[in-house]
Amino acid sequence: MRKIGESMTVFSRDGSWWTGYEIGFKEIDEWTCFQDKNNQFIYEWDIVLYKLDPDNDYLKGVILWEENAKEFGICDIEEKSFIPLQVNGVNMFSKNQLEVFSYLFLNPDLQRRLGARDD
């Protein structure tokens, strides 16, 4: 299940075919309002390749919601640092600096290591 904004919810069993008909799920992914370099929507719990500097190599991170700051950001997989997607309304990444790589729910070991939970 993915929530897109306040009014739209879509459902999929495989992440490829989406429908408006409800399917029972344990986890709900929220849309971040960002797209990656392939125009793919970026959701909470997506594993992304990202660049802090457009001229540097890609790093791996997970899109997470930071409850205290009330914002989405990237939790770097190696350093476990949190980089907000926006600061004071300014996007910290361009589309070309982000690429969806995988999904956290397909990687339960990584999910446990990061302490990520869907609350």
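Quick caveat: nothing in here was measured; it's all calculated off a predicted structure. (Residues numbered from 1 in each chain as written. Predicted model: local features only at pLDDT ≥ 70, side-chain atom pairs only at ≥ 80, totals over all residues. Heavy atoms only, no water.)

Here's the deal with the sheet that holds strand E4 (residues 41-43)
Pairing between sheet strands relies on hydrogen bonds along the backbone, with the strands arranged either parallel or antiparallel. Note the cut-off: One bridge is not enough; two strands pair if DSSP finds at least two bridges between them. Where helices and strands are cited, they refer to DSSP runs of H or I of at least four residues and of E of at least two residues respectively, numbered from the N terminus. Throughout, an axis means a line fitted to C-alpha atoms (over the contacting stretch in the case of helices), and angles, computed between N-to-C directions, take values from 0 to 180 degrees.
Reading across from one edge, E2-E1-E3-E4 is the order of the four strands in this open sheet, with mixed pairing throughout. In the strand order of this sheet, the two ends are held by strand E2 (8-10) and E4, each with one partner. For this sheet the average axis-to-axis angle between neighbouring strands, irrespective of direction, equals 40 degrees. Pairing geometry for strand E1 (residues 2-4) and strand E3 (residues 29-35), over two bridges, is parallel. Across the sheet, residue Arg2 finds its bridge partner in E3, namely Asp29.

Description of the pattern of salt bridges
Where side chains of opposite charge bring their charged atoms close, a pairing between them can arise. Heads up, the condition is: Any Lys or Arg side-chain nitrogen found within 4 Å of a carboxyl oxygen on Asp or Glu counts as a salt bridge. Relative accessible area decides the class of each residue, using a 1.4 Å probe on protein chains only: under 20% of the type maximum gives buried, over 50% gives exposed, and in between gives partly exposed.
Enumeration according to the criterion identifies two salt bridges in this entry. For Glu99, the salt bridge goes to Lys37, with nearest N and O atoms at 3.4 Å. Pair noted here: Glu99 is in strand E11 (residues 98-103) and Lys37 is in the loop between E3 and E4, with a separation of 62 residues, a long-range link. Accessibility expressed as a relative area gives 35% for Lys37, which makes it partly exposed.

Remarks on the sheet that holds strand E8 (residues 82-84)
Taken in spatial order, the five strands line up as E8-E7-E6-E5-E11 in an open sheet, and their pairing is antiparallel. The sheet terminates laterally at E8 and E11, the two strands that pair on one side only. Pairwise comparison of adjacent strand axes, ignoring direction, gives a mean angle of 40 degrees for this sheet. In the sheet, strand E7 (residues 71-76) pairs with E8 via three bridges, with the strands oriented antiparallel. Counterpart to Gly73 in the pairing with E8 is Pro84.

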